[in-house]
Amino acid sequence: MRPIVRSAALPRPLARPWTVPRAGARVAVVIGVGALVAGLVFLYLWQGCTLTMLNTERARLLLSLSELERERDLLSFQVAQAYSPEALAERATKLGMKPFSEDRTSYLILKDKDDEKSGH
């Protein structure tokens, strides 16, 4: 005959569903929310620093642009001054050129080849 085994004598594993204690769940939620808030604060501060850096760079570029515009205006003025009629006349005089006069001119009249053939 078979011996009868009692089920009470065998150790039974406790088959409970996996649960988190209520206090542990609260701690996990608080840690998660804290991490989310900390991440958002970090992103906000990082964005603010980046925006400040870009504004500084923009201001620096605007200053250099205005400086370059002033330099361009100065160079345009100097070129206009250098090629003014008075400046050209002064340089021509220094090179020995004299103003135009009628006694220094002579005219050379050329005839066209076609005019010679047609008799004009």
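Residues numbered from 1 in each chain as written. Predicted model: local features only at pLDDT ≥ 70, side-chain atom pairs only at ≥ 80, totals over all residues. Heavy atoms only, no water.

## Remarks on the overall build of the protein
Then comes step 1: Tallying secondary structure elements over the protein gives 3 helices and 0 strands in all.
Then comes step 2: Counting across all 120 residues of the protein, residues that qualify as buried make up 2%.
Then comes step 3: Of the roughly 12400 Å² of accessible surface on the protein, 65% is carried by carbon and sulfur atoms. (Helix = DSSP H or I, 4+ residues; strand = E, 2+ residues; numbered from the N terminus. Buried < 20%, exposed > 50% of the residue type's maximum accessible area, 1.4 Å probe, protein only. Areas by Shrake-Rupley, 256 points an atom, 1.4 Å probe, with all protein chains shown as cover.)

## Overview of a nonpolar patch on the surface
Then comes step 1: Residues V29, V33, V37, V41, Y44 and L45 make up a contiguous nonpolar surface patch of roughly 600 Å² in combined accessible area.
Then comes step 2: In this fold, V33 is placed in helix α1 (residues 22-82). (Patch = residues over 30% accessible without salt bridge, like charges linked within 9 Å, V, L, I, M, F, W, Y side chains within 5 Å. Salt bridge = Lys/Arg side-chain N within 4 Å of Asp/Glu carboxyl O.)

## Some details on the side chain of S84
Then comes step 1: Structurally, S84 can be placed in the loop between α1 and α2 (85-94).
Then comes step 2: For S84, a relative accessible area of 16% translates into the label buried.
Then comes step 3: Looking at S84, its side chain comes within polar contact range of the main-chain oxygen of Q81, at 3.1 Å. (Polar contact = N/O pair within 3.5 Å; in protein donor to acceptor, adjacent residues only side chain to side chain.)

## Details of the pattern of salt bridges
Then comes step 1: This model, assessed by the stated rule, comprises 3 salt bridges.
Then comes step 2: As a salt-bridge pair, D73 and R72 come within 3.4 Å of each other at their nearest N and O atoms.
Then comes step 3: Taking relative accessible area as the criterion, D73 reaches 44% and is therefore assigned partly exposed.
Then comes step 4: Between E90 and K94 there is a salt bridge; the shortest N-O distance is 3.5 Å. Linking E90 with K94, this pair stays in helix α2, spanning 4 residues, or about one helical turn.
Then comes step 5: For E90, a relative accessible area of 47% translates into the label partly exposed.
Then comes step 6: Overall, K94 belongs to the exposed group, its relative accessible area being 66%.

## Some words on the packing of aromatic side chains
Then comes step 1: Throughout the structure, instances matching the rule amount to 0 aromatic pairs.
Then comes step 2: Above the plane of the ring of Y83 lies R91, whose end atom (NZ or CZ) is 5.8 Å from the centre. (Phe/Tyr/Trp six-rings, centres within 6.5 Å; stacked < 30°, edge-to-face > 60°. Lys NZ or Arg CZ within 6 Å of the ring centre and 35° of its normal.)

## Section: the confidence of the model for the protein
Detailed reading of the predicted coordinates is not advisable wherever pLDDT falls low.
Then comes step 1: Looking at the protein as a whole, its pLDDT mean stands at 86, while 80% of the residues score no less than 70.
Then comes step 2: In the model of the protein, helix α3 (residues 113-118) stands out as the element of lowest mean pLDDT, 67, in contrast to α1, which has the highest, 96. (pLDDT = per-residue confidence, 0-100.)

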